[in-house]
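Topology and contacts: notes
Chain by chain, the residues:
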Amino acid sequence: MPDIIQLLPDHVANQIAAGEVVQRPASVVKELLENAIDAGASSIKLIIKDAGKQLVQVIDNGKGMSQTDARLSFERHATSKITKAEDLFNLNTKGFRGEALASIAAIAHVDLKTKQENQELGTLIKIEGSSLVSQENISHPIGTSVAVKNLFYNIPARRNFLKSNSVETRHIVNEFQRVALAHPNISFSFYHNENEIYNLISSNLRQRIVAVFGKKTNEKLVPINESTDVLEISGFVAKPEYAKKKRGEQFFFVNDRFIKNAYLNHAVSSAFESLLSNGYHPTYFLFLKVPTKSIDINIHPTKTEIKFDDEKTLYAILRSTIKHSLGQYNVAPILDFNRSASFDTPYEFKDKKTVTPRVEVDPNFNPFKTEEQKSIRFPFKREKEATWESLYTGLDIKNIEVEVETVNTSLFNEEKTSTKTYQVHHKYIVSSIKSGIVYINQYLAHQRILYEEFLENITVKEATSQQLLFPLEISFNKSDIELIKEIKEDLESIGFVFDKILDDTIVIKGMPITIVESQISMIIEQLLEDIKNDIPNASFSQLDMMAKSLAKSLAIKTGSKLSLKEQEELVNKLFLCKQPDLSPFGKKTFVTINLDEIDKKFSN
């Protein structure tokens, strides 16, 4: 038989590798930012157009590359980070495989400009689909600029799998935040469609967290610091009252590399045991320093998963360290109920020496120099004022007849109506119908009612707003602020009225009449999360998603007790809907059981 095994061409092999390394534009952002950090840059600029589909460009002021290195960097497995297999267990750089640039160049148009300090001219290399188009000398500042254009231009199927611009932008922002948090000593800037999203100056970790997630984050943070022989832990956790239902703000860094680890995440959650409500997750920014020989990074193409040689020890140290810090800063409840925490020495002052306070006395002060106020005395005794009873003194009112109109007491008594509905386990409403019994899920039914009401208000009617007595300020990070600006008109069509939108704060002076003021922050956060994950590009679909999100947030929750009148109103409104049988998310709102089915239950 003829031989059938053959070597794949380089461009095909690169495209296969690209499928693992470059999953979406955010993957390109991650690889290029990490290369810039490995190059020793102190300032990095990220430029994005069309959610990275049209352009991803990273400009740094690192050490740059020589002409030979610039060309060689696009070859597979060409790297300056390691030289032998043993180096994999002593990694101090972000990259080490030598696959990123080769994979990116196989599926995009890449322009690389670079110059070293000792060179007079820099190098420009243009590559399209792994093919070198041109190489020339140019004038360029010290450092490197990599521009990746038309991502997946030669793999249209992969390009079609990309999500909407909002979703892809969210992934890019996530990658940028992870790299920026891991390196607060480096200044970063981020531009999307020529709009500045972030401009982060070199700072410490706390200042970097506040710059990324907003000014209000500062008051939420509790410091974490611990050093042992096997592990050093530093960073911050947020106070329990600021926990969120979404998992967005949870960051683990091992040797300044962002990782995902469910086991260590469980250690943090268990440290907050009994401090968080059910369904809420703690916010944390934790940095772990471990010996490089005790971890294996080379187990996943994205390098976000790490294997530890002793995870159980790390779990125990991490959990106890967080519980200790929560106790030090009086976040966790005190076990001694007879002792007041207000008398405790603040943790940051426990090692400071006490100093006797200086007391200054004014020798010229005389408290008796001031004139005494003369007391005011009335020259006569006030008579007691007459009361209304004195008007009737001396009158004989025993024989006075008063004409009284007969009052129909039925006007003041509520008419007793026959109960047609029953609430079961504070979850279902049971009502009888001609053919049998109907069981209604109150949460899903109310979702359908609110969804159609919101959709009608948005698309047909003019939204009704209620004015707030005092404008409400809500803090968001800059990426969320940009999203709010994009959907501002749609939010106003629902009934929100904005006073102003700042860099990290929105000021609301009016809200829809169906919303309670205390719910505004939660509703907008949930709405932004739904939009980031699910929103398509179509304008109507965006409005539809808003109506669904608001309905889900405001619907009567399972476990809420309803009065008889509320039950009947919910049932009546449900069956006036255009599609009463399904919730906005496609779940059944009610189930009917015919009399025949009930009879069969008793016939057996």
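As a reminder, the structure under discussion sits directly above these lines.
Residues numbered from 1 in each chain as written. Predicted model: local features only at pLDDT ≥ 70, side-chain atom pairs only at ≥ 80, totals over all residues. Heavy atoms only, no water.

**Describing the overall build of the protein**
- Tallying secondary structure elements over the protein gives 16 helices and 22 strands in all.
- The proportion of buried residues among the 604 residues of the protein is 42%.
- The long-range fraction of contacts in the protein, counting pairs at least 24 apart against all pairs at least 6 apart in sequence, stands at 68%. (Helix = DSSP H or I, 4+ residues; strand = E, 2+ residues; numbered from the N terminus. Buried < 20%, exposed > 50% of the residue type's maximum accessible area, 1.4 Å probe, protein only. Contact = heavy atoms within 4.5 Å.)

**Quick word on a nonpolar patch on the surface**
- Residues Tyr428, Tyr439 and Val591 make up a contiguous nonpolar surface patch of roughly 250 Å² in combined accessible area.
- Looking at where Tyr428 falls in the secondary structure, it is placed in strand β17 (residues 428-433).
- Residue classification places Tyr428 among the partly exposed residues on the basis of a relative accessible area of 31%. (Patch = residues over 30% accessible without salt bridge, like charges linked within 9 Å, V, L, I, M, F, W, Y side chains within 5 Å. Areas by Shrake-Rupley, 256 points an atom, 1.4 Å probe, with all protein chains shown as cover. Salt bridge = Lys/Arg side-chain N within 4 Å of Asp/Glu carboxyl O.)

**Quick notes on the pattern of salt bridges**
- Counted by the stated rule, this structure contains twelve salt bridges.
- Note that Lys30 and Glu34 form a salt bridge whose closest N and O atoms lie 3.3 Å from each other. One end of the pair is Lys30 and the other is Glu34, both in helix α2 (residues 25-38) and four residues apart, which spans about a single turn. Here Lys30 and Glu34 have matching classes, each one buried.
- Here Asp256 and Lys289 are joined by a salt bridge, their closest N and O atoms 3.3 Å apart. Placement of Asp256 in the loop between β11 (250-254) and β12 (257-259) and of Lys289 in strand β13 (residues 284-289) is noted, with a sequence separation of 33 residues between them.
- For Asp256, a relative accessible area of 23% corresponds to the partly exposed category.
- The class for Lys289 is partly exposed, based on a relative accessible area of 40%.
- Taken together, the salt bridges that share partners define one network made up of Glu453, Glu569 and Lys573.

**A closer look at the packing of α2 against helix α6 (residues 165-182)**
- The N-to-C vectors of α2 and α6 enclose an angle of 20°; their axes lie 8 Å apart at closest approach. Judged by the angle between their axes, α2 and α6 are roughly parallel. Read as a crossing pair, α2 and α6 show a hand that is right-handed. Note on element contacts: α6 touches α2 through Glu168, His171, Ile172, Glu175, Phe176 and Val179, opposite Pro25, Ala26, Val29, Lys30, Leu33 and Ile37.
- Looking at side-chain class alone, the contact of α2 with α6 contains eight nonpolar, one polar and three charged residues. (Axes fitted to C-alpha atoms, helices over the stretch in contact; angles between N-to-C directions. Parallel < 35°, antiparallel > 145°, perpendicular 65-115°, else oblique. Left-handed = near helix turned anticlockwise from the far one by under 90°. Nonpolar A, V, L, I, M, F, W, Y, C, P; charged D, E, K, R; others polar.)

**Regarding the side chain of Glu249**
- Positionally, Glu249 belongs in the loop between β10 (232-238) and β11.
- Contacts of Glu249, omitting those with residues within four sequence positions, involve Phe213, Lys244, Pro282, Thr283 and Tyr284.

**Re the sheet that holds strand β18 (residues 436-441)**
- Taken together, four strands build an open sheet; the order of strands is β16-β17-β18-β22 and the sheet is antiparallel. In this open sheet, the two edge strands, each paired with only one partner strand, are β16 (421-424) and β22 (590-594). The average angle at which neighbouring strand axes cross in this sheet is 25°, direction not considered.
- By the bridge criterion, five bridges tie β18 to β22 in an arrangement that is antiparallel. Bridging from a neighbouring strand, Ile440 pairs with Phe590 of β22. (Pairing = 2+ DSSP bridges.)

**Quick look at the pairing of strand β3 (residues 109-115)**
- Within β3, six of the seven residues are buried, which leaves it mostly tucked inside the rest of the structure.
- Looking at chain direction, β3 and strand β4 (residues 122-128) are connected through six bridges and run antiparallel. Bridged to Lys113 within β4 is Leu124.
- Linking β3 back to β4 in an antiparallel pair, the connection comprises six residues.
- Relative to strand β6 (residues 143-149), β3 is paired through seven bridges, and the arrangement is antiparallel. Of the residues in β6, the one forming a bridge with Asp111 is Ala147.

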